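Analysis of the macromolecular model
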Amino acid sequence: MRRKTFDALLTTAGLVLAIVLVAAGGLLLWAHSFVSNQVHDQLAAQQIYFPKAGSESLQDPAVKPYLSQYAGQQLLTGAQAEAYANHFIAVHINEMAGGKTYAQLSQESLANPNDAKLAGQVQTVFRGETLRGLLLNAYAFWKMGEIALWAAIIAFASAGILLVMSILGYMHLRRVPAETEVMPKLSGAVPHTA
């Protein structure tokens, strides 16, 4: 194969790949924006606020290191949702339920149908775990949006590198003699026989 043809094919393939990466980067950027906006809007609609700075809720050692940075703020991001779910709701549910899960409390309640206090505790734990699960779903989608942002940056950077390499490849094409071969035959070489 002629060197010029080989170089032209590689350079064109690089240019096509750069275009594909720009398109992929654009879609990933759109995905990041869409997910971030959806998570923000859904969380904002819930009107959840972190306890104010200095409040008794933030004094618990299981809560303070994770929520102090958000004190008094409205819960609007996936990172905030994760912190609130795992370090506020989960802590309070664990304290209220004595370390028992919803399933364990529910079984106890079924075994003691006349225990109104236990039945109320089961309902409260169920609601808390439901809210916690919803917030962790928001966190998961937010994290996927963040990954999409990084993937978009990598796609754009890769496209830029390929574009520069393609431009250099086309410039190099002008200097390659038309008759040059990719793998010139070795003159005087004797074929190897066994």
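As a reminder, the structure under discussion sits directly above these lines.
This report concerns the structure included in the present document. Remember, predicted model here, so these are calculated numbers, not experimental data.

Further remarks concern unusual backbone geometry. Phi at glutamine 47 takes a positive value of approximately 55°, unusual for a residue other than glycine. Counting through the fold element by element, glutamine 47 comes out in the loop between helix H1 (3-46) and helix H2 (64-67). Taking relative accessible area as the criterion, glutamine 47 reaches 49% and is therefore assigned partly exposed.

This part is about the environment of proline 51. For proline 51, the position within the fold is in the loop between H1 and H2. By relative accessible area, proline 51 is classed as buried at 13%. For proline 51 and methionine 171, which are 120 residues apart along the polypeptide, the C-alpha to C-alpha distance reads 63 Å.

With that out of the way, let us pick up the nonpolar core. Membership of the largest hydrophobic core comes to 26 residues, with the highest contact counts inside it found for Leu43, Leu67, Leu75, Tyr84 and Leu135. For this core, the secondary structure elements donating two or more residues are H1, helix H3 (78-97) and helix H5 (116-173). For this core, the element with the highest residue contribution is H3, accounting for nine residues. Once you skip the residues sitting within four places of it in the chain, leucine 135 turns out to touch Leu43, Ile48, Leu75, Ala81, Tyr84, Ala85 and Ile89.

Quick notes on the rules
Residues numbered from 1 in each chain as written. Predicted model: local features only at pLDDT ≥ 70, side-chain atom pairs only at ≥ 80, totals over all residues. Heavy atoms only, no water. Helix = DSSP H or I, 4+ residues; strand = E, 2+ residues; numbered from the N terminus. Buried < 20%, exposed > 50% of the residue type's maximum accessible area, 1.4 Å probe, protein only. Core = buried A, V, L, I, M, F, W, Y, C linked by side-chain atoms within 4.5 Å. Contact = heavy atoms within 4.5 Å.

Interpretation note: all reported values are geometric properties and have no functional meaning in isolation.
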